[in-house]
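Coordinates in review
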Amino acid sequence: GQMFKALFSNDQAVTVVITIVLINCSLYITSNLLIYFFKYDIGGSNWNASYVLFNTVGGAVQIISMMLFYPFLRKFMSSIKVFYVSFGMAISGYLILFVMMCLGVSSVYVLLAPGFLIFTAFGMLTVLTTVFLANTVDYGELKNKRRDESIIFSMQTFVVKLASGVAVLAASICISVGKISKDTTEAAAVAALSDSSRMVLRTTMAMIPIFGLCAALIIFAKKYILTDEKLEEISKELAADKAKG
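As the structure is a computational prediction, the values presented were derived from the model and not from experiment. (Residues numbered from 1 in each chain as written. Predicted model: local features only at pLDDT ≥ 70, side-chain atom pairs only at ≥ 80, totals over all residues. Heavy atoms only, no water.)

This part covers the confidence of the model for the chain. Low pLDDT means the predicted atomic positions in that stretch should not be read closely. On average, residues of the chain score 89 in pLDDT, and 96% of them are at 70 or above. Put simply, helix H1 (residues 2-8) is where the chain has its lowest mean pLDDT, 71, and helix H4 (residues 79-103) is where it has its highest, 95. (pLDDT = per-residue confidence, 0-100. Helix = DSSP H or I, 4+ residues; strand = E, 2+ residues; numbered from the N terminus.)

Here it is as structure tokens:
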């Protein structure tokens, strides 16, 4: 109860939390369906090796983007601008991936091109949403006259789990509607998918995340006000209040 009270009394924290849920839902939907795409859509005797390679490279790119790409871009632009650039990369990557899917591209090396954009973007978005959530602590202290640091940060774990649960539900609906076998073991026989099943899988994997990202972008752009200038102003006001106290 205290967690939700602290959250809903801080409109900026609510904005960031909703943004995190939508971003993570988008990524998790893709990651949950990726193995079905490689096995039942691309297929082939080497599907598992391609799936492992794609996942491994994607994970490495996410880590590199957190450690290198974000700090590099941050030298030239504000965190909010990097945030918008990351959204652009992710949406572009998903659009390219969907086109490749529809064209029947089966080479994992070609698919890594849009994958690079997507995973790079999500790596930076992970860092940025953490930064933005931290920014809401000072804002909440100024607005509500109390510092809910531990409560606000505990929300991050909660929303990530929430996004994971929503993504699993979306993936399950996709598998059910598309009549896709849930057997993802390497030894199992690979059943051919109908054209309609392929389209359900591809749309859920690539297009639904785009809608989720667009929703997150719109909410963030309309509601988030904590620019670098605003944060500096808040810091000065907090310092003045503490000096008076």
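With that settled, the discussion passes to the side chain of Ser197. Summarising the element assignment, Ser197 is placed in helix H7 (residues 195-223). A distance of 2.5 Å separates a polar side-chain atom of Ser197 from the backbone oxygen of Gly178. Those residues in contact with Ser197, other than ones at most four positions away along the chain, are Gly178 and Ile180. (Polar contact = N/O pair within 3.5 Å; in protein donor to acceptor, adjacent residues only side chain to side chain. Contact = heavy atoms within 4.5 Å.)

Next up on the list: the state of the cysteines. For the structure shown, the criterion picks out zero disulfides. Between Cys174, a free cysteine, and Cys102, which holds the nearest cysteine sulfur, the sulfur-to-sulfur gap is 14 Å. For Cys174, a relative accessible area of 3% puts it in the buried group. Its sulfur unpaired, Cys214 is 15 Å from the next cysteine sulfur, which belongs to Cys25. Given the relative accessible area of 29%, Cys214 is considered partly exposed. (Disulfide = S-S within 2.5 Å. Buried < 20%, exposed > 50% of the residue type's maximum accessible area, 1.4 Å probe, protein only.)

Counted at 1.5 Å a residue, the expected span for H4 with its 25 residues is 36 Å, and the 36 Å between its end C-alpha atoms agrees. Just downstream of H4 lies Gly104, where phi reads positive at about 80°. (Expected span 1.5 Å × (residues − 1).)

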